Amino acid sequence: MTRRAILKGTGSALPRTRVSNDELAKRVDTSDEWIVERTGIRFRHIAEPDETTGTLGADAAREALKAAGLDAADIGLIIVATATPDNTFPATATKIQAMLGAPDCIAFDVAAVCSGFLYALSVADSMLRTGAANHALVIGSETFSRILDWEDRATCVLFGDGAGAVVLSAEEVGDDRGILATRLHAEGQYCDMLYVDGGPSTTGTVGHVRMQGREVFRHAVTNLASVLGEVMADVGLPADAIDWIVPHQANKRIIDATAKKLGLPAERVVLTVDQHANTSAASVPLALDLAVRDGRIKRGDLVVLEAMGGGFTWGAAVLRV
Ligand SMILES: CC(C)(COP(=O)(O)OP(=O)(O)OC[C@H]1O[C@@H](n2cnc3c(N)ncnc32)[C@H](O)[C@@H]1OP(=O)(O)O)[C@@H](O)C(=O)NCCC(=O)NCCS
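Now for a description of the structure that goes with this document. Every value quoted in this text rests on a predicted model; they were computed, and no experiment measured them.

**Structural notes on the overall build of the chain**
Reasoning step 1: A tally of regular secondary structure across the chain gives 10 helices and 13 strands.
Reasoning step 2: The C-alpha atoms of the chain give a radius of gyration of 18 Å, which matches the 20 Å a tight globule of 321 residues would have.
Reasoning step 3: In terms of principal-axis extent, the alpha carbons of the chain reach across some 60 × 45 × 40 Å.
Reasoning step 4: Across the 321 residues in the chain, those meeting the buried criterion constitute 55%.
Reasoning step 5: Expressed as a percentage of contacts within the chain between residues at least 6 apart in sequence, the contacts between residues at least 24 apart total 76%.
Reasoning step 6: Carbon and sulfur atoms make up 50% of the accessible area of the chain, which amounts to about 13,000 Å² in all.
Reasoning step 7: In the chain, which carries 31 positive and 41 negative side-chain charges, the distance between the mean positions of the two groups comes to 3 Å.

Set out below in structure tokens:
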């Protein structure tokens, strides 16, 4: 028996307002046809002023706690993956801790943009296995609408707001349960391919998302296929053993190309990009929650999570649910 991090519950939260491609086309020079053909995106949710990364993250966390049958008081570790924190500091994780009424515990944020949830999951997995906590909340929450340049049609159509959360618990289990492998990567030489042109230490402003779309696309397919190969080699299983792949939801063409490289049929891929667009660190836990709640992902399934984002950063995880 080994101490491992087990997935005990999932949750998610979306802003009240849903915006279609046609509605966006009234604001910028674009069309439903262009957006669907290039990205697969049809809708995104956009936060109202009273909805923040913190409130959305707390709502998702409450759902995950309920699904896990745990109280906020049981949680010893809260990690929030976000690139759009409520404030420069304190960490949004501490704000969510306060909103949940969770007593003294470890709480901090992780900044790895769209790969943030994979980074946070990997850190939580290590901390649970080494005994820093027994129960952890890992949250991906974003309000990218607040850092989009709404005049730039090449980026503003791609993103949306939302949050997803998981509860992980440390348990003594056999070798085929819980988080089985994680792999993380970063190549900072590409940091100007996808970035925000502001920040507290440079411009003193929040800034806007800037992206070289074609370059990001090219690196995403290569890096994701390669890291998926690494995690499957770590667990000693062929790609065919994967029951469900829950990819970062940036672009349906990237998701299709990656699945094809692995030889995985589309039926095993959880797809939400059409409904949510790219919610950055929230996209993987949001999609995971959807597929758990609608009964697709069941106990015993081998699930693979993957993401790639600004930095570049990328990573993958394999878990037996
Ligand atoms: C952004 C993306 C969809 C653009 O698709 P593309 O085929 O590379 O398109 P290009 O950027 O070459 O632009 C092609 C044309 O469409 C135009 N265009 C860009 N955005 C548009 C929009 N929203 N509506 C209509 N036309 C648009 C461009 O101006 C360009 O016109 P031009 O040929 O007259 O100059 C694509 O590059 C992509 O998905 N990249 C990855 C982005 C991503 O997932 N980022 C997040 C990763 S975490």
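**Topic: the packing of aromatic side chains**
Ring pairs (aromatic) are described by centroid distance and by the angle formed between their planes.
Reasoning step 1: Tallying each qualifying case throughout the model produces two aromatic pairs.
Reasoning step 2: Each ring, one from Phe144 and one from Phe159, has its centre 5.0 Å from the other, and the planes form 25°; the classification is stacked. Taken together, the positions of Phe144 in the loop between strand E6 (135–143) and helix H6 (153–156) and Phe159 in the loop between H6 and strand E7 (161–173) put the pair 15 residues apart, joining distant regions of the chain.
Reasoning step 3: Judged by its relative accessible area of 4%, Phe144 falls in the buried class.
Reasoning step 4: A relative accessible area of 4% means that Phe159 is categorised as buried.
Reasoning step 5: An angle of 25° between the planes, with centres 5.4 Å apart, marks the rings of Tyr190 and Phe312 as stacked. Placement of Tyr190 in the loop between strand E8 (178–186) and strand E9 (194–196) and of Phe312 in the loop between strand E12 (302–309) and strand E13 (313–320) is noted, with a sequence separation of 122 residues between them.
Reasoning step 6: For Phe312, a relative accessible area of 1% gives the class buried.
Reasoning step 7: For Arg18, the ring lying beneath its charged end belongs to Phe43, and the centroid distance is 3.6 Å.

So, how was this worked out
- Residues numbered from 1 in each chain as written.
- Predicted model: local features only at pLDDT ≥ 70, side-chain atom pairs only at ≥ 80, totals over all residues.
- Heavy atoms only, no water.
- Helix = DSSP H or I, 4+ residues; strand = E, 2+ residues; numbered from the N terminus.
- Rg over C-alpha atoms; globule rule 2.2 N^0.38 Å.
- Buried < 20%, exposed > 50% of the residue type's maximum accessible area, 1.4 Å probe, protein only.
- Contact = heavy atoms within 4.5 Å.
- Areas by Shrake-Rupley, 256 points an atom, 1.4 Å probe, with all protein chains shown as cover.
- Lys, Arg positive; Asp, Glu negative; His and termini not counted.
- Charge placed at Lys NZ, Arg CZ, Asp CG, Glu CD.
- Phe/Tyr/Trp six-rings, centres within 6.5 Å; stacked < 30°, edge-to-face > 60°.
- Lys NZ or Arg CZ within 6 Å of the ring centre and 35° of its normal.

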